[in-house]
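Here is how the chains run, residue by residue.
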Amino acid sequence: EQWSFSIDHDFGGGYAGRVSYIGSETHQLVWAPDENTLPFSSTVSAYNQPLSARRFPNWGTINTRATGSNQSYNSLQFEADHRLQHGLEYHSTFTWAKNLADNQGPSGTGFAGEGGGSRSTSVLDRHADFGNAYGTRRLRWNTTFLYDLPFGRGKMFGANISRAADLVAGGWRLTSILTWQSGPYETPYFPGGEGDPSGTGVGLGSSLAGWSPPGRNQHPDVVSDVSVNPHGKNRLNWTNAAAFACPGYSAWTPGNPCTTGAGYDANGNARGPVPLPIGRFGNAQVGSIEGPGLFNLSAGLSKSFAVTERVKVRAEGTFTNLLNHTNLGDPNMNLDSASFGLISRTIGSDFGGARTGQISVRAEF
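Values in this document were obtained by computation on a predicted structure and should not be read as measured data.

Student: Just give me the short version of the nonpolar core, but keep the residues and values in it.
Tutor: The tendency in soluble globular proteins is for nonpolar side chains to be buried side by side. One finds Phe 190, Phe 244, Trp 252, Leu 335 and Phe 340 to be the most contacted residues of the largest nonpolar core, which totals 14 residues. Among all residues touching Phe 340, those that are not within four sequence positions of it are Pro 188, Thr 239, Asn 240, Ala 241, Phe 244, Asn 332, Met 333, Asn 334 and Leu 335.

Structure, rendered in structure tokens:
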């Protein structure tokens, strides 16, 4: 279902504005659960659960893709426009949006798409993977701009200059695209296969007899405000790891595996602490951390030269990320890692990579 409400106004002189509310709800989206999840228990370790406890005792993991997930989107949008008059044209939009879904999986790094997102946490609790959609930016401002520079014969400046001077200084057109947006929504997680902090067996995967492939990534608990970082947000420490905890294991410290309920390896050696499971998933929502934003200014300068009445030569120079602004990529969201919160790369999407430029000359006839 989709709905919208807009107010438009023509201010005259080529100027116009619009304020819009746009919303949508989507049902029966594809998600990717394991149909053979163990029941949640706060008294019996999933590692010790009998085969008969499974929904389908004669089978191991039954990965599937099924309909049943939901998504909701709401946004407030502002637009300002000026149609081409006196050499000036622009179109500027600002969007304030919120997009929630439950089919991204426990550590989504993109839109789920038609085939669903990453493998879901549990078929018994689809809401465990509910949260902000990774790719939707809460705030986004985009402006396109075109301006015929007022220099040259018949223009505001240099109206009476010689044709030779006009050939150099007159007739230039400036174009630009300015984009600013807040960051994507990141999801902290514990890697699957190393432990089972939920106590449900979902994190154990193949460490359970007949269980394969490796377990799903696991949600941590949130113990303090994730938006507060005493060290300040930067590429070396984007997120405060101390804001998270390993469910059911109070001795856990950041940078170490959350080995709750990890059981034993093939040689019978304990893989880590095995306290009684808590029978629930960590309370950290998908998309609980806002990643680095993006700023990009791309611009071009062009001029057409009349050779004959029907032939023109157009010279143009264009640049993406004209200011060569560094746009940071996604931080490391693996809580087992000593480099949790570290950003080790920049991005290339939305023309957010390093500055590039090109110069071209073409004949038009």
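Next comes the rest of the account.
Student: A description of the environment of Ala 251 should follow, citing residues and the corresponding values.
Tutor: With respect to the helices and strands, the residue Ala 251 is situated in the loop between strand S10 (244-245) and strand S11 (289-290). Sequence separation between Ala 251 and Asp 10 is 241 residues, and the spatial gap between their C-alpha atoms is 63 Å.

Student: Summarise unusual backbone geometry; cite the residues concerned and give the values.
Tutor: Residues other than glycine seldom take positive phi values, yet Asn 321 does so here, at roughly 50°. According to the relative accessible area criterion, Asn 321 is buried, its value standing at 0%. At Asn 324, a position not held by glycine, the phi torsion is positive, near 55°. Relative to the helices and strands, Asn 324 is located in the loop between strand S13 (312-320) and strand S14 (356-364). According to the relative accessible area criterion, Asn 324 is partly exposed, its value standing at 38%.

Student: Please give an account of the state of the cysteines that cites residues and values.
Tutor: Inspection of every chain in the model, using the stated rule, returns 1 disulfide. With a sulfur-sulfur separation of 1.8 Å, Cys 246 is cross-linked through a disulfide to Cys 258. Negative torsions about the S-S bond denote left-handed disulfides, and the value of about 60° found for Cys 246 with Cys 258 makes this one right-handed. Highlighted residues: Cys 246 in the loop between S10 and S11 and Cys 258 in the loop between S10 and S11, separated in sequence by 12 residues. As far as burial versus exposure is concerned, Cys 246 and Cys 258 are alike and both buried.

Calculation notes
- By convention here, each chain's residues receive numbers from 1 onward along its written sequence.
- For a predicted model such as this one, the threshold for reporting local features is a pLDDT of at least 70, and the threshold for listing and counting side-chain atom pairs is 80 or more; totals across whole chains, interfaces and linings nevertheless cover every residue.
- No hydrogens and no water enter the side-chain calculation; it runs on all heavy atoms of the structure.
- Put simply, buried Ala, Val, Leu, Ile, Met, Phe, Trp, Tyr and Cys residues joined by side-chain atoms within 4.5 Å make one nonpolar core.
- Each residue gets one of three labels from its accessible area relative to the maximum for its type: buried under 20%, exposed over 50%, partly exposed in between, using a 1.4 Å probe on protein chains only.
- Note on contacts: a residue pair is in contact if any heavy atoms of the two residues lie within 4.5 Å.
- By definition, any uninterrupted DSSP run of H or I lasting at least four residues is a helix, any uninterrupted run of E lasting at least two residues is a strand, and each is numbered from the N terminus.
- The criterion for a disulfide is a pair of cysteine sulfur atoms lying within 2.5 Å.

By themselves, these are just geometric observations and shouldn't be taken as functional.
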